[in-house]
Amino acid sequence: MLIEDYPPHHKAGFISIIGKPNAGKSTLLNALLGEKLAIATAKAQTTRHRIMGIINSPEYQIVYSDTPGIIQQPKYKLHERMMTYVKESLADSDIVIFLADVQDDPLQEPELTERLSRIIQEKPILLLINKIDLVMQEFAMARIESWKEKVPFTAVSAISALHLFNIQGLLDTLLEHLPIHPPYFPKDALTDKPERFFAAEIVREQIFLNYEQEIPYCSEVRVVEFKDKPDILAIRVEIFVERDSQKAIFIGHKGQMIKKVGIAARQELEKFFGKKVFLEQHVKVEPDWRTKQASLDKFGYD
Ligand SMILES: Nc1nc2c(ncn2[C@@H]2O[C@H](COP(=O)(O)OP(=O)(O)OP(=O)(O)O)[C@@H](O)[C@H]2O)c(=O)[nH]1
Ligand SMILES: [Mg+2]
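Residues numbered from 1 in each chain as written. Chains lettered and ligands numbered in written order. Predicted model: local features only at pLDDT ≥ 70, side-chain atom pairs only at ≥ 80, totals over all residues. Heavy atoms only, no water.

Student: Tell me about the overall build of the protein chain, residues and numbers included.
Tutor: Scanning the protein chain from terminus to terminus reveals 10 helices and nine strands. In terms of overall dimensions, the protein chain has a C-alpha envelope of 55 × 50 × 35 Å along the principal axes. Sorting the 302 residues of the protein chain into buried and exposed places 52% on the buried side. Pairs at least 24 apart in sequence give 74% of the contacts found in the protein chain among residues at least 6 apart. (Helix = DSSP H or I, 4+ residues; strand = E, 2+ residues; numbered from the N terminus. Buried < 20%, exposed > 50% of the residue type's maximum accessible area, 1.4 Å probe, protein only. Contact = heavy atoms within 4.5 Å.)

Student: If you had to explain empty space enclosed by the protein to someone new, which residues and values would you point to?
Tutor: A complete count under the given rule lists one cavity of 30 Å³ or more for this structure. Counted as a void, the largest cavity has a volume near 50 Å³. Contributing to the lining of the largest cavity are Gln-45, Arg-48, Tyr-76, Leu-78, His-79, Met-82, Tyr-217 and Arg-290. When residues of the lining of the largest cavity are assigned to their parent elements, the largest contribution, three residues, is made by helix α2 (residues 77-92). Here the residues of the lining of the largest cavity sort into four nonpolar, two polar and two charged. (1 Å grid on protein atoms, 1.4 Å probe; cavity = no way out; pocket = protein on both sides within 12 Å on 5 of 7 lines; lining within 4 Å. Points joined across faces, edges and corners; volume = space filled by probe spheres on them. Nonpolar A, V, L, I, M, F, W, Y, C, P; charged D, E, K, R; others polar.)

Student: I'd like a description of the nonpolar core, backed by residues and values.
Tutor: Ile-18, Phe-98, Leu-116, Ile-125, Ile-129 and Phe-153 are the most contacted members of the largest nonpolar core, which totals 34 residues. Elements that contribute at least two residues to this core include exactly α2, β4 (95-101), α3 (110-119), β5 (125-130) and α4 (137-150). Per-element accounting of this core gives the leading share, six residues, to α2. No fewer than three residues from each of domain 1 (11-177) and domain 2 (195-298) sit in this core. Residues contacting Leu-116, with those up to four places away along its chain left out, are Ile-18, Phe-98, Ile-125, Val-151 and Phe-153. Counting 31 residues, the second-largest nonpolar core is a separate cluster that includes Ala-31, Leu-37, Leu-175 and Phe-197. (Core = buried A, V, L, I, M, F, W, Y, C linked by side-chain atoms within 4.5 Å. Domains from an automatic or database assignment.)

Student: So what about the site of ligand 1? Which residues, and what values?
Tutor: Near ligand 1, the surroundings consist of 23 residues, among which Lys-25, Thr-27, Gln-45, Thr-46 and Thr-47 are the closest. The separation between an oxygen atom of ligand 1 and a polar main-chain atom of Ala-23 is 3.1 Å. The side chain of Lys-131 places a nitrogen or oxygen atom 3.0 Å from an oxygen atom of ligand 1. Protein contact buries 90% of the 660 Å² of open area that ligand 1 shows by itself. In terms of residues, the shell around ligand 1 owes the most to one element, helix α1 (residues 25-33), which gives three residues. Across the shell around ligand 1, the residue classes tally to eight nonpolar, 11 polar and four charged. (Near = heavy atom within 4 Å. Polar contact = N/O pair within 3.5 Å; in protein donor to acceptor, adjacent residues only side chain to side chain. Areas by Shrake-Rupley, 256 points an atom, 1.4 Å probe, with all protein chains shown as cover.)

Student: Residue-level account of the sheet that holds strand β7 (residues 220-228), with values.
Tutor: Pairing in this open sheet of three strands is mixed, and the strands run β7-β8-β9 from one edge to the other. Each end of this open sheet is capped by a strand with a single partner; those strands are β7 and β9 (277-285). Taken over all neighbouring pairs, the strand axes of this sheet differ in orientation by 15° on average, direction set aside. Judged from the eight bridges that link them, β7 and strand β8 (residues 233-241) form a sheet pairing that is antiparallel. Bridge pairing in β8 places Phe-226 opposite Ile-235. Where helix α6 (residues 195-210) meets the sheet, it contacts β7, β8 and β9, and its direction lies at approximately 130° from that of β7. Strand contacts of helix α9 (residues 256-273): β7, β8 and β9, with the helix running at about 135° to β9, the strand carrying the most contacts. (Pairing = 2+ DSSP bridges. Axes fitted to C-alpha atoms, helices over the stretch in contact; angles between N-to-C directions.)

Student: I'd like to hear about the environment of Pro-216, residue by residue, with values.
Tutor: Mapped onto the elements, Pro-216 comes out in helix α7 (residues 215-218). For Pro-216, a relative accessible area of 0% gives the class buried. Apart from the residues within four sequence positions on either side, Pro-216 is in contact with Lys-43, Arg-48, Ile-207, Phe-208 and Tyr-211.

Student: Run through the pattern of salt bridges, naming residues and quoting values.
Tutor: Counted by the stated rule, this structure contains 21 salt bridges. Linking Lys-227 and Glu-225 is a salt bridge whose minimum nitrogen-to-oxygen distance equals 3.9 Å. In this structure, Glu-225 engages Arg-236 in a salt bridge whose closest nitrogen and oxygen atoms are separated by 3.3 Å. On the criterion of sequence distance, the pair formed by Glu-225 in strand β7 and Arg-236 in strand β8 is long-range, its members being 11 residues apart. You can call Arg-236 partly exposed: its relative accessible area is 25%. (Salt bridge = Lys/Arg side-chain N within 4 Å of Asp/Glu carboxyl O.)

Printed below as a string of structure tokens:
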């Protein structure tokens, strides 16, 4: 379908999903899209970029943005870049979804509630209380009330992004608030990011799942070769850590750890791309890359 072929009442808009680290934003994006686009792990600060996920129907196009978790005090230049993505996504959005873990107490978040109170003067904000599968209903209800006392949210809902609870109802609410507008992207678009980006993310997800402490946070993945041959997809990645000692931990005794990550990543890549994958990994050291402008530019944090 051509971008021009849309009915006069067609709705389209940008919806920004924001919240603290680990609230479940990427899980929610995947739930709304009905497929796994964004990586999601139990560790905070998994997402480092703004990732658009697009859903289309003849009548509407919703462009969701998954964003990095809001960090009040950025420690590295990397964190500052991540917060720039949140800001840009908020500036572009027609509707904001503020996703809160049901355990988060708004009374502990004065800066965040003040920021939300400012944003809501300009655009609708939906409060979504997530992970309600983990608590009693009364607890979730009380949480909603205390958030509402701090910010006059446009609408409020309790969901479980992981168990797809209340997701259809959410879509209906979003469509109500979506402006009449022509589509922004071709109707078959799913995301703004290229395949290489997702290849790097899938490897990074396995790093988050397989290592503890500092390794996930000091690691970055760059795709240096992406050859889509008829029978196999050949992907070569460089994995950067900050020091030699971290490189040794990454590789592990007799290369066991990197092998484990490679096998798991290859399986996930094959699922994502729907074909056989050959994955080659090289571990390199880029000293203090999280604090260096040039390194961040090189790794695509623009
Ligand atoms: N029990 C439960 N767990 C959830 C739910 N939604 C997300 N999670 C889990 O919460 C963890 C964090 O989920 P993510 O989607 O990565 O969270 P995020 O907000 O994108 O995190 P960052 O990218 O680090 O900011 C993962 O282990 C998810 O499986 C939910 O509804 N219920
Ligand atoms: Mg995320």
